[in-house]
Amino acid sequence: MKTKAAILWEVNTPWSVEEIELDPPKPGEVLVKIAASGMCHSDEHLMTGDLPFALPIIGGHEGAGVVQEVGEGVSWLAPGDHVVFGFIPSCGRCPSCSTGHSNLCDLGALMGLGRQIDGTARHHAKGTDLGLMCMLGTFAHHTVVNEASCIKIDKDVPLDRACLLGCGVVTGWGSAVYAAEVKPGDTVAVVGVGGIGANAIQGAKLAGAKRVIAIDPVEFKREKAMEFGATHTFSSMEEALPGIQELTWGTMANKVIMTMGVGSGEVIGSAMALAAKRGRVVVTNIHPALEYSASMSLLDLTLMEKQLVGSLFGSGNPRADIPKLIGLYREGQLDLDGLVTTEYTLDGVNDGYDAMRAGTNLRGVMKYD
Ligand SMILES: NC(=O)c1ccc[n+]([C@@H]2O[C@H](COP(=O)([O-])OP(=O)(O)OC[C@H]3O[C@@H](n4cnc5c(N)ncnc54)[C@H](O)[C@@H]3O)[C@@H](O)[C@H]2O)c1
Ligand SMILES: [Zn+2]
Ligand SMILES: [Zn+2]
């Protein structure tokens, strides 16, 4: 069939929205009509080359839609089912999946190639096979993905909000709840208030943090942070250092969650300086693939027993966490609507990323139809 998709042909060029050829699903695969896609910063890393995935590639990994057709052997999904895509597939059988860490499923190792699990492509344009961001390619009206990437959801959940659960909400919320293990009474600092940071704030608040300190240079982001549950804001880590010292009588933040647009090894020391004794710094933001060094006081690391940990997809189990977060949304304990600043069509993909660079969107969402 023919459909429309936003393709990145070369780094540092805009997304090109064009017609593509899509093959039918093979065994274990599913054809999905995508309803909406969030615009996460990770796709921007494709464009800048910070994430060196094979090109050309269809962008987008934060999507939800309706199943149109299932390939041979797919027994638990049928046409008409509503699905959110997990940006990391989960097979349910590998050591990570079977020990409750499906965010680290072994199938994730195939993501850099952007092909189907069997190594071939279903998406083509101009006589070339196209890769898929996170094996999904949600910047498109339709896609074919493996069943391992699909999480079935109830049909009453609006798909233009559910899409955010495919990456940003689960990643941010889980960074606070699972990776940072925020406890009642904690002081938590969140560095960078985009789609991920706003959800780290929501997670920290629900986990019982006494103070949630949001740090972002953009005033609009600091205002949004307060709406999502932050108690204090600062415009930089340098400004936050004396501020948190004063607020905590020098004991500092129990948890620091890094959700800047682009990670930087040079600021790890500043993040560690915000952390308390036995405090934990969670690195959720993506650093450029070629960055190999970070600067920090290693004496401080030992003498204060500080921890520095990474977190992928919220360090949880999306098949369990996505339905759980939908439950919190239904009860009004998780805000998905307030995350969406601007809605676009697929043709607006470059406008959405311009807005991200300008700091005027918390999350842009593309709605198709
Ligand atoms: N680990 C994971 O599983 C995972 C999943 C999704 C996204 N990510 C990464 O998380 C990061 C955030 O993504 P996003 O979509 O929320 O991005 P975003 O661009 O929407 O938000 C980033 C925010 O960081 C702020 N910022 C930039 N420099 C800063 C600094 N020095 N101090 C404080 N704030 C600063 C920006 O003003 C912006 O508000 C990206 O690196 C993205 O690739 C990681
Ligand atoms: Zn993402
Ligand atoms: Zn697995």
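Residues numbered from 1 in each chain as written. Chains lettered and ligands numbered in written order. Predicted model: local features only at pLDDT ≥ 70, side-chain atom pairs only at ≥ 80, totals over all residues.

Engineer: Whenever I open this one, the domain arrangement of the protein chain confuses me. Can you help?
Structural biologist: How big an interface is tends to be expressed through the accessible area that disappears when the partners come together. Taken domain by domain, the protein chain holds domain 1 (2-166 + 335-367) and domain 2 (172-312). The dominant element in the side of domain 1 that touches domain 2, judged by the number of residues it contributes, is helix α1 (residues 41-48), at three residues. Taken together, the residues of the side of domain 1 that touches domain 2 sort by class into six nonpolar, eight polar and three charged. (Domains from an automatic or database assignment. Helix = DSSP H or I, 4+ residues; strand = E, 2+ residues; numbered from the N terminus. Nonpolar A, V, L, I, M, F, W, Y, C, P; charged D, E, K, R; others polar.)

Engineer: Help me understand the sheet that holds strand β8 (residues 128-129) in this model?
Structural biologist: Note on sheets: strands pair through backbone hydrogen bonds, and any given pair is parallel or antiparallel. Ordered in space as β8-β7-β2-β1-β4-β9, the six strands form an open sheet in which the pairing is mixed. Both outer strands of the open sheet, β8 and β9 (131-132), are each paired with one neighbouring strand and no more. Bridge count between strand β7 (residues 123-125) and β8: two bridges; the pairing is antiparallel. Its bridge partner lying in β8, H124 is registered against D129. (Pairing = 2+ DSSP bridges.)

Engineer: Explain the nonpolar core to me, please; I cannot follow it from the model alone.
Structural biologist: As a rule of thumb, soluble globular proteins bury nonpolar side chains together. With 114 residues, the main nonpolar core has V188, A189, V190, I213 and L274 as its most contacted residues. Here this core gets seven residues from one element, more than from any other, and that element is helix α4 (residues 168-179). Each residue touching A189, except ones within four places of it in the same chain, is listed here: I213, I215, A240, I244, A253, V256 and L274. (Core = buried A, V, L, I, M, F, W, Y, C linked by C-beta atoms within 7 Å. Buried ≥ 20, exposed ≤ 12 C-beta atoms within 10 Å, placed from the backbone. Contact = placed C-beta atoms within 7 Å.)

Engineer: When you look at the site of ligand 1 in this model, what are you seeing that I'm missing?
Structural biologist: Taken together, the neighbourhood of ligand 1 is formed by 31 residues, with H41, G192, G194, I196 and G261 sitting nearest. Secondary-structure elements contributing two or more residues to the shell around ligand 1 are α1 and α5 (195-206). Taken together, the residues of the shell around ligand 1 sort by class into 14 nonpolar, 15 polar and two charged. Counting contributing residues, the shell around ligand 1 receives three or more from each of domain 1 (2-166 + 335-367) and domain 2 (172-312). (Near = placed C-beta within 6 Å.)

Engineer: Teacher, can you tell me more about the pairing of strand β19 (residues 363-367) here?
Structural biologist: Where burial is concerned, most of β19 is hidden: four out of the five residues are buried. Bridging between strand β3 (residues 29-38) and β19 involves three bridges; their strand directions are antiparallel. Looking at β19, one finds that S37 is bridged to M366. Two strands pair when backbone bridges link them, and strand β18 (residues 340-344) and β19 are joined in this way by four bridges, in the parallel orientation. Residue pairing across strands places T342 opposite G364, the latter belonging to β19.

Engineer: How should I be thinking about helix α10 (residues 318-330) in this particular structure?
Structural biologist: A turn of α-helix holds 3.6 residues, and therefore any two residues three or four places apart point the same way. For α10, which comprises 13 residues, the first-to-last C-alpha distance of 18 Å matches the rise-based estimate of 18 Å (1.5 Å per residue) to within 8%. All of the buried residues along α10 are P318, D321, I322, L325, I326 and Y329. The buried residues of α10 all sit within an arc of 140° when viewed along its axis, so they share a single face. Opposite the packed face of α10, turned more than 90 degrees from it, sit the exposed residues A320, G327 and R330. Looking at the buried side of α10, the elements it contacts are β6 (82-85), β11 (150-153) and α4. (Expected span 1.5 Å × (residues − 1). Arc of directions from axis to C-beta.)

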